[in-house]
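So you can see what is in the structure, the chains are spelled out below.
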Amino acid sequence: EGLGSALGSLRVLVLRRNRFARLPPAVAELGHHLTELDVSHNRLTALGAEVVSALRELRKLNLSHNQLPVLPAQLGALAHLEELDVSFNRLTHLPDSLSCLSRLRTLDVDHNQLTAFPRQLLQLAALEELDVSSNRLRGLPEDISALCALKILWLSGAELGTLPAGFCELASLESLMLDNNGLQALPAQFSRLQRLKMLNLSSNLLEEFPAALLPLAGLEELYLSRNQLTSVPSLISGLGRLLTLWLDNNRIRYLPDSIVELTGLEELVLQGNQIAVLPDNFGQLSRVGLWKIKDNPLIQPPYEVCMKGIPYIAAYQKELAHSQPAVQPRLKLLLMGHKAAGKTLLRHCLTEERVEGCPGGGDKEKCYPPSPPPVSKGIEVTSWTADASRGLRFIVYDLAGDESYEVIQPFFLSPGALYVLVVNLATYEPRRFPTTVGSFLHRVGARVPHAVVCIVGTHADLCGERELEEKCLDIHRQIALQEKHDAEGLSRLAQVVDEALARDFELRSASPHAAYYGVSDKNLRRRKAHFQYLLNHRLQILSPVLPVSCRDPRHLQRLRDKLLSVAEHREIFPNLHRVLPRSWQVLEELHFQPPQAQRLWLSWWDSARLGLQAGLTEDRLQSALSYLHESGKLLYFEDSPALKEHVFHNLTRLIDILNVFFQRDPSLLLHKLLLGTSGEGKAEGESSRPVALPTPSQELLRATQLHQYVEGFLLHGLLPAHVIRLLLKPHVQAQQDLQLLLELLEKMGLCYCLNKPKGKPLNGSTAWYKFPCYVQNEVPHAEAWINGTNLAGQSFVAEQLQIEYSFPFTFPPGLFARYSVQINSHVVHRSDGKFQIFAYRGKVPVVVSYRPAKGVLQPDTLSIASHASLPNIWTAWQAITPLVEELNVLLQEWPGLHYTVHILCSKCLKRGSPNPHAFPGELLSQPRPEGVAEIICPKNGSERVNVALVYPPTPTVISPCSKKNVGEKHRNQ
């Protein structure tokens, strides 16, 4: 009371984000001069008639995000009102007096409960922007053309099935949102909307590209995502001012050649269609910055080229014009499965038509497996010409089943491959399904969503007929149950997101018990889109299980026929028919011909000389090498300063080198080292004078030292560089080979140098390398401060930050070991355990911990933690932020992986709670809420937690950029 006399000349009053249930009477005292009033995000259930009547000078009124069921009639008396926002309320109708607001230019009524278009609005001749989205209008009046000044119209999610002819008389329209309706066509007169610049028709039922859009020459943004379009008309080139074109998630099979004439395009989104070939001269669209093309059966250009962007497509098409096209019918085939599943024997029997020296005679001699059976040497690669008449070739990868290879197996799982999961039927039992089948399916699905998997049961000859049938049926049944369980789990999670989106953001933020407490709509929509992606890209598991005996030629031939029929299916494997420039194919072949075929790597200039032989000038070589890298033919890291001048073309030798590191056999490792030392003659550059042979005591001493190195390697993952060189003989000859190889292993995340100063040489001292996957001690040697003590054993009082990643379905194999390598450049004074890393960021301690699941219902977790006093908590955020970002980068390699991120409650952690409250990880990418100092932890009597312990000082997780605003409002297109 009395506020009016104290602030008699007040013009603008903002009361948003409070808890008013009614407009305070003091607002009426201020009404004589007030021109702007914002009471949004309150709890208003009614507006006092006297208060509203007093606001006679008001020009701008915001009542959004309240609980208003009706608006008072006195609102129509506000003759000066120009902007009115009543969105996100509970309005079922609008007062008739609203038609008296002759100066109203902007009206927002979206997210209410209107069941018809309010006819009162037709009297508002000055209205320029109108939003009636998310109301159940189900139709528009014919005389909507009365709104002749309308420039921006929002009708998203209004349940519209058709548009009246009068709609097309809204000649002033510039921006029109009609997404999320049920439109099957547009009126023919729609082309009269000649001032239209932005049109959103996404998520409708359009089966044909609306012809009425083609004469709209001024159109700049066009969204037709998530319809049922099958083609794009050639006359689209008439939309010469188009900057943005979204056609994703339709059924488009081809694009017209004329689309390349839209040279002003800056955004082109085509993902989720059926496009196999891009038009010639596609590189003319050089201004396109936002480009999405995944989930199309691309063959020309190949998928790997298209994913690199428009400049690479332009280079490919230019090269194709220079040389003859070449089709390479070649497919990657991966044999996966548990140890002793029979992968190596199956590979031998599949790829070799005849095996000599086998028992038996006659025709059976061709099919008996070798005796003794071949033993796996680790990961092996074989080329198999499955159909010589058509030149169809499989590149067969036999992935070792031993757990020690898990850290490198993911490198070989790639899109466009056929996966064969091998199961030993002789030893299979239903209780072993999770380890022999289920875990492999989860792994492939997480790395390569929508991959094609064929289940093959080996050793069928060791099972009785009934036993064989029962085991195959059990595998089939348990696969179906696992898929159903996973899909239902994802659907439930998606439903929780839908329910959270249905609630107002204010309601979500008011209760800490609410799902996705405080999470923005934008982050929820992104979460929902990810769940939808996971549900739409389930594994394609071929049925039924195929039992095979390597002793039966009929079984092997049936498996060959099955693999060929699947590979030749154009819709499943379009990449088998991809078209390459002949010069690219020749370049690949030249890399694998003598003498360079025997070398471990080539310099850029060596590759450039081969390029000239293939007809490629230096400026055209980059695109060819990039394609060969993306398609897995060689390794070329154009983004790495240490490696960009080299091409690793001999993948077979590289795999042999990897096998050396991941065969955990002490006697084998020691044998290799002893061979390496005995083969050492003279060091490089040494003169040819005779070298004295070592005495027996010297030999014994050397063997003892090497044995200690092997022990250190298998227990702690430690090896000095000179011992690595011995281990890799004869693969590594020169010191440069070794240095490049170690740089490559570091790039792959397999090891890091312990004592190399950042950016400086070692000055002659021995370089030691750490392989984290070999560390055996459970926790670091240093004390874990997170348990409440510092290194001196004294308890401390500090606030703890802990970000926890949870993996309910599968934890990516080797992720913790690779992550351990990736964070090395960010930390100092580190101490590693098998499941924990203790280190410092500057002077701030950090702990990274992995906790494997202890049961089927418990997820694997990986957490990143730090601590500091509350005034200095920003230092803890600075410490863990780069580590969070590094983990997010690694997780992008697993697009089909479901995981959640949470910020654990600092108060719960300080109390030592075994089950601390978890705030949603999406808060990491949101700014701190304005004017909020504390948020509620629902545990322990709704205790309040300082906002600085949940939100970073600045958003740390960088998300994909959102669409532009239209007017002053944002819509996630």
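This one's a predicted model, so the numbers in the text were calculated from it and none came from an experiment. (Residues numbered from 1 in each chain as written. Predicted model: local features only at pLDDT ≥ 70, side-chain atom pairs only at ≥ 80, totals over all residues. Heavy atoms only, no water.)

**A closer look at the overall build of the chain**
Where we set the bar: Numbering of helices and strands runs from the N terminus, with a helix taken as a DSSP run of H or I at least four residues long and a strand as a DSSP run of E at least two residues long. We take the radius of gyration over the C-alpha atoms and set the globule estimate at 2.2 Å times the residue count to the 0.38 power. When a residue's accessible area, from a 1.4 Å probe over protein chains only, is under 20% of the maximum for its type it is buried; when over 50% it is exposed; and in between it is partly exposed. Any two residues having at least one pair of non-hydrogen atoms within 4.5 Å are treated as being in contact.
Along the backbone of the chain there are 23 helices and 35 strands. Taking 2.2 N^0.38 as the reference for a compact globule, 973 residues should give roughly 30 Å; the C-alpha atoms of the chain span a radius of gyration of 33 Å, in line with that estimate. Each principal axis of the C-alpha distribution contributes one length, and for the chain these read about 105 × 75 × 65 Å. For the chain, buried positions account for 53% of its 973 residues. Counting only contacts in the chain whose residues sit at least 6 apart along the sequence, the fraction spanning at least 24 positions is 55%.

**Here we look at the domain arrangement of the chain**
Keep this limit in mind: Throughout the structure description, domain borders are defined by an automatic or database domain assignment. For any pair of parts, buried area is found by adding up, for both, the accessible area (1.4 Å probe) each one loses once the two are put together. Should a side-chain nitrogen of Lys or Arg be within 4 Å of a carboxyl oxygen of Asp or Glu, the pair is scored as a salt bridge. By the criterion applied in these results, polar contacts are pairs of N or O atoms within 3.5 Å in which, for protein atoms, one can donate a hydrogen and the other can accept it, and in which residues neighboring in sequence qualify only through two side-chain atoms. Any residue that is not Ala, Val, Leu, Ile, Met, Phe, Trp, Tyr, Cys, Pro, Asp, Glu, Lys or Arg is counted as polar, Gly included; the first ten are nonpolar and the last four charged.
Each assigned domain of the chain is listed with its residue range as follows: domain 1 (3–320), domain 2 (330–353 + 377–576), domain 3 (582–649), domain 4 (652–677 + 702–757 + 765–774) and domain 5 (805–949). With centres defined by C-alpha atoms, the gap from domain 3 to domain 4 works out at 27 Å. Of the roughly 1,100 Å² buried at the junction of domain 3 and domain 4 (both faces included), carbon and sulfur atoms supply 74%. If you sort the residues of domain 3 by the area they bury against domain 4, Leu600, Trp601 and Phe648 come out on top, with a joint share of 49%. Along the contact surface separating domain 3 from domain 4 lie zero salt bridges. Linking domain 3 to domain 4 there are two residue pairs in polar contact (both at pLDDT 80 or more). Residues that form the side of domain 3 that touches domain 4 fall into these classes: seven nonpolar, three polar and two charged.

**Brief notes about unusual backbone geometry**
In this structure, the amide linkage connecting glutamine 300 to the following residue, proline 301, adopts the cis form with an omega of -5°. Residue placement: proline 301 occurs in the loop between strand 13 (290–292) and helix 4 (303–306). In this structure, proline 595 follows proline 594 across a cis peptide bond, with omega equal to 0°. With respect to the helices and strands, proline 595 occurs in the loop between helix 12 (582–591) and strand 22 (602–603). Even without a glycine there, the phi angle at histidine 41 is positive, about 55°. You can see histidine 41 is positioned in the loop between strand 2 (36–38) and helix 3 (49–53). For histidine 41, a relative accessible area of 13% corresponds to the buried category.

**Structural notes on the sheet that holds strand 17 (residues 392–398)**
Condition: Whether two strands pair depends on DSSP finding at least two bridges between them. Fitted lines through C-alpha atoms serve as axes, helices being fitted only where they are in contact, and the angles separating the N-to-C directions of these axes extend from 0 to 180 degrees.
Overall, mixed pairing links the six strands, which are arranged 16-17-15-18-19-20 in an open sheet. Two strands lie at the open edges of the sheet, namely strand 16 (380–387) and strand 20 (540–547), each paired on one side alone. Adjacent strand axes in the sheet meet at a mean angle of 25° when their direction is disregarded. In the sheet, strand 15 (residues 330–337) pairs with strand 17 via six bridges, with the strands oriented parallel. Bridge pairing links arginine 330 to arginine 393 in strand 17. In the packing of helix 11 (residues 553–567) onto the sheet, the strands contacted are strand 15, strand 16, strand 17, strand 18 (418–424), strand 19 (452–458) and strand 20, and the crossing angle to strand 20 comes to about 170°.

**Considering the nonpolar core**
Selection rule: By convention a nonpolar core is built from buried Ala, Val, Leu, Ile, Met, Phe, Trp, Tyr and Cys residues, the set being connected through side-chain atoms within 4.5 Å.
Counting 120 residues, the largest nonpolar core has Phe167, Phe190 and Phe282 as the members making the most contacts within it. Elements supplying a minimum of two residues to this core: helix 2 (26–30), helix 3, helix 4, helix 5 (310–322), strand 21 (579–581), helix 12, helix 13 (604–613) and helix 14 (618–630). Taken domain by domain, the makeup of this core includes at least three residues from each of domain 1 (3–320) and domain 3 (582–649). Leave out the neighbours within four places in its chain, and phenylalanine 282 touches Leu255, Ile259, Val260, Leu268, Trp291, Ile310, Ile313 and Gln317. Counting residues in hydrophobic clusters, the runner-up holds 78 residues, among them Leu334, Ala460, Leu658 and Leu740.

**A word on helix 19 (residues 735–747)**
Test applied: Multiply 1.5 Å by the residue count of a helix minus one, and that product is the helix's expected span.
Its 13 residues give helix 19 an end-to-end C-alpha distance of 18 Å, which sits within 8% of 18 Å, the value for a rise of 1.5 Å per residue. Buried residues of helix 19: Asp737, Leu738, Leu740, Leu741, Leu742, Leu744 and Leu745, and no others. Buried residues along helix 19 sit in contact with strand 23 (646–647), helix 15 (651–662), helix 18 (721–727) and strand 26 (768–770). Two residues or fewer after helix 19 comes glycine 749, characterised by a positive phi angle close to 80°.

**Let's talk about the packing of helix 12 against helix 14**
Defined as follows: Relative orientations are named as follows: roughly parallel for angles under 35 degrees, roughly antiparallel for angles over 145 degrees, roughly perpendicular for angles from 65 to 115 degrees, and oblique for any other angle. Should the near helix be turned anticlockwise from the far one by less than a right angle, the crossing is left-handed, and should it be turned clockwise, the crossing is right-handed.
The contact between helix 12 and helix 14 brings their axes to 10 Å, and the two run at 70°. When the axes of helix 12 and helix 14 are compared, the pair comes out roughly perpendicular. Crossing of helix 12 against helix 14: the hand is right-handed. Listed contacts from helix 14 to Trp584, Leu587, Glu588 and His591 of helix 12 are Leu621, Ser623, Ala624, Leu625, Tyr627 and Leu628. Here the contact of helix 12 with helix 14 is composed, by residue class, of seven nonpolar, two polar and one charged.

**A word on the packing of aromatic side chains**
Two descriptors summarise a pair of aromatic rings, namely the distance from one centre to the other and the angle between the planes of the rings. Put simply, the rule is: Working definition: rings of Phe, Tyr and Trp (its six-membered ring) pair if their centres are within 6.5 Å, and the pair is stacked with planes under 30 degrees apart, edge-to-face with planes over 60 apart, and tilted otherwise. In this scheme, Lys NZ or Arg CZ marks a charge over a ring once it lies within 6 Å of the ring centre and within 35 degrees of the ring normal.
Overall, the coordinates contain 21 aromatic pairs when judged by the stated rule. A connected cluster of aromatic rings, assembled from ring pairs, spans Tyr805, Phe807, Phe811, Phe816, Phe835, Tyr850 and Tyr899. One residue, lysine 308, lies across the ring of tyrosine 312, its end atom 5.1 Å from the ring centre. The positively charged end of lysine 332 is found above the aromatic ring belonging to tyrosine 397, 5.0 Å away from the centroid.

**Looking at the environment of histidine 649**
The topology assignment puts histidine 649 in the loop between strand 23 and helix 15. Residues histidine 649 and arginine 195, 454 residues apart in the sequence, show an inter-C-alpha distance of 56 Å. Look past the residues within four positions of histidine 649 in its chain and what remains in contact with it is His591, Phe592, Gln596, Ala597, Arg599, Leu600, Trp601, Leu602, Lys633 and Leu634. There is a polar contact of 3.5 Å between the side chain of histidine 649 and the backbone oxygen of arginine 599.

**Thoughts on helix 6 (residues 343–351)**
Most of helix 6 sits out of view: nine of its nine residues are buried. Buried within helix 6 we find Lys343, Thr344, Leu345, Leu346, Arg347, His348, Cys349, Leu350 and Thr351. Buried residues in helix 6 make contact with strand 15, strand 16, strand 17, strand 18, strand 19 and helix 11.

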